[in-house]
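The lines below spell out each chain.
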Amino acid sequence: MAFNNFLIKNGKLWTGTEFTTGNILIQKDTIVSLDAPDDVKGYVYDAEGCIVSTGLLDIHTHIYKVSWDMYGYPAELVSAPFGVTAAVDGGAEQSDRAYLDTMMIKTRVFASVRIDENGVDFTLTEKMLQAYGDRAIGVKVYFDQSGNQFVNLAHLQEICSYAKARGLKVMVHCNHSPSSMWDIVNTLNKGDILTHIYHGDINTIEADDYAAYKLAKEKGVILDSGNAGHVHTDFAVMPRAFAAGYFPDTISSDITCFSAFNRGGRYGLTMCMSMARTAGMKEEDILRAVTSDAAKAVGMENECGTLAVGRKADIAVLSYGKEPYCLKDPAGNILRDENGYICHLTVSNGQILYRR
Ligand SMILES: [Zn+2]
């Protein structure tokens, strides 16, 4: 149910690009004021001490009935507990567009592309692109030789040409890839997305060699954290890259039923933001990476990433405080902190999806 008058007051507003102050007034599904008086009659939420952000966007998730069943996690659980009001599926293999349209959050998908001994097979990709229509923004390739001994750089080149010719983005999973990160970035086109950039597997970024990240910045290739909690982020690589000034353009969770359940339901975008903060990223940069910059990266600027009058009321109320976590990567490195981001309220289209 949406409210006729819904006031979120006393918070520190994050507009997508900067902090400001003010009370947000929502009528039905729309933001009608960012400077409303305190005494508006209606439903009032006091966000004293909290950040009131435009709803967060997680650009790499795996949604139930969109991704493969082994990975898919219900859209409401991907989003609501973590302030997420828009999510992108990173590998559509099931084509139930009608189901996607029932979701409370805003969505996009990357269509999976398969590579086998005969080369790149776009059959599934074509099927997904057709099924999802304007919701499909690109293709997703698992450029990973641990799960597929056939992948090589020529396949990636073919996929990039295919995507470019159709105005689609390419999202590349680069763990255990057969090529260096530099070769992958060199193959990608402007606007394509490299995910799991701080992985610690074969062909990771070696210490003091950030040429791949530098090239990505020059070319306009998006560097996405794709944290994945316990598998695709190395807790030695990430802080080292941060110390050298190489932060992600976008922070995403790569949430699946594995990462979510393995962390007892705590793993999601807010934990990824906590990880970034612990490793040395500034708050404004973290927030940009899950709002305005994330929206730009996936072409959703008109729908999300900005807190403004006239926009749909997608809001995340967050705080940074006592929220201990301790994560271990596959190499045994540990990232821990006493503090982290906490989501207090998630509002999508003026409706409360979650309240702590
Ligand atoms: Zn993924």
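Rules of the game
- Residues numbered from 1 in each chain as written.
- Predicted model: local features only at pLDDT ≥ 70, side-chain atom pairs only at ≥ 80, totals over all residues.
- Helix = DSSP H or I, 4+ residues; strand = E, 2+ residues; numbered from the N terminus.
- Rg over C-alpha atoms; globule rule 2.2 N^0.38 Å.
- Buried ≥ 20, exposed ≤ 12 C-beta atoms within 10 Å, placed from the backbone.
- Contact = placed C-beta atoms within 7 Å.
- Pairing = 2+ DSSP bridges.
- Axes fitted to C-alpha atoms, helices over the stretch in contact; angles between N-to-C directions.
- Arc of directions from axis to C-beta.
- Left-handed = near helix turned anticlockwise from the far one by under 90°.
- Domains from an automatic or database assignment.
- Nonpolar A, V, L, I, M, F, W, Y, C, P; charged D, E, K, R; others polar.

(A) Structural context of the overall build of the protein chain. Across its full length, the protein chain holds eleven helices and 19 strands. For 356 residues, the compact-globule estimate of 2.2 N^0.38 gives 21 Å, and the protein chain sits close to it at 20 Å. Taking the principal axes of its C-alpha atoms as reference, the protein chain extends roughly 65 × 45 × 35 Å. Counting all 356 residues of the protein chain, 52% fall into the buried class. Considering only contacts in the protein chain between residues 6 or more positions apart, those separated by 24 or more positions represent 71%.

(B) Representation of the sheet that holds strand E18 (residues 334-348). The strand order across the open sheet formed by six strands is E3-E2-E7-E17-E18-E19, and the pairing between neighbours is mixed. Unpaired on one side and paired on the other, strand E3 (19-21) and strand E19 (351-355) mark the two borders of the sheet. Strand-to-strand twist of the sheet, defined as the mean angle between neighbouring strand axes without regard to direction, takes the value 40°. As judged from the twelve bridges shared by strand E17 (residues 315-328) and E18, these two strands associate in the antiparallel manner. Each residue of the ladder has a partner; that of Gly321, found in E18, is Gly340. Along the sheet, helix H9 (residues 269-278) contacts E17 and E18; its crossing angle with E18, the most-contacted strand, is approximately 140°.

(C) A look at helix H3 (residues 123-132). For H3, every residue scored as buried is listed here: Thr125, Met128, Leu129 and Tyr132. Down the axis of H3, the sector holding all buried residues measures 100°, keeping them to one side. Projecting away from the buried face of H3 at angles above 90 degrees are the exposed residues Thr123, Glu126 and Gln130. On its buried side, H3 packs onto strand E9 (84-92), helix H2 (97-101), strand E10 (106-112) and strand E13 (136-142). Gly133 sits one or two residues past H3 and shows a positive phi near 50°.

(D) Representation of the packing of H9 against helix H10 (residues 283-290). Across the interface, H9 lies against H10 with an axial gap of 10 Å and an inter-helix angle of 145°. Read as a crossing pair, H9 and H10 show a hand that is right-handed. Residues Leu269, Met273, Ala276 and Arg277 of H9 pack against Glu283, Ile286 and Val290 of H10.

(E) Layout of the pairing of E18. From the end of E17 to the start of E18, which pair antiparallel, there are five residues, and Gly332 there has a positive phi angle of about 95°. Of the pairings in the sheet, the one linking E18 to E19 comprises four bridges and is antiparallel in character. When the bridges of E19 are listed, Ser348 appears paired with Gln351. Counting the residues that bridge the hairpin from E18 to E19 gives two residues, and of these Asn349 lies at a positive phi of roughly 50°.

(F) Up close: the domain arrangement of the protein chain. Its domain assignment divides the protein chain into domain 1 (6-53 + 309-323 + 330-355) and domain 2 (56-297). Look at where the C-alpha atoms of domain 1 and domain 2 centre, and you get two points 26 Å apart. Every contact between the two is made by 22 residues of domain 1 and, on the other side, 25 residues of domain 2. Going through the elements one at a time, E17, E18 and E19 are the ones with two or more residues in the side of domain 1 that touches domain 2. With nine residues, the top contributor of residues to the side of domain 1 that touches domain 2 is E18. For the side of domain 1 that touches domain 2, the residue count by class is twelve nonpolar, seven polar and three charged.

(G) How the structure looks around unusual backbone geometry. For Lys65, which is not glycine, the phi dihedral falls at a positive 75°. Assignment of secondary structure puts Lys65 in the loop between strand E8 (56-61) and helix H1 (75-79). With a phi close to 50°, Asn349 is a non-glycine residue in the positive phi region. Mapping Asn349 onto the fold places it in the loop between E18 and E19. The partly exposed category is assigned to Asn349, around which 18 C-beta atoms lie within 10 Å.

(H) Looking closely at the sheet that holds E10. Judged by pairing direction, the sheet is parallel, and its seven strands sit side by side in the order E8-E9-E10-E13-E14-E15-E16 without closing on themselves. Edge strands, defined here as strands with exactly one partner in the open sheet, are E8 and strand E16 (222-224). For this sheet the average axis-to-axis angle between neighbouring strands, irrespective of direction, equals 25°. Examined bridge by bridge, E8 and E9 share four bridges and lie parallel to one another. Among the inter-strand pairings, Leu56 is bridged to a residue of E9, identified as Val84.

(I) Structural context of the pairing of E17. Here strand E7 (residues 51-54) runs beside E17; their pairing, made up of four bridges, is antiparallel. Paired with Val52 across the two strands is Val317, which belongs to E17.

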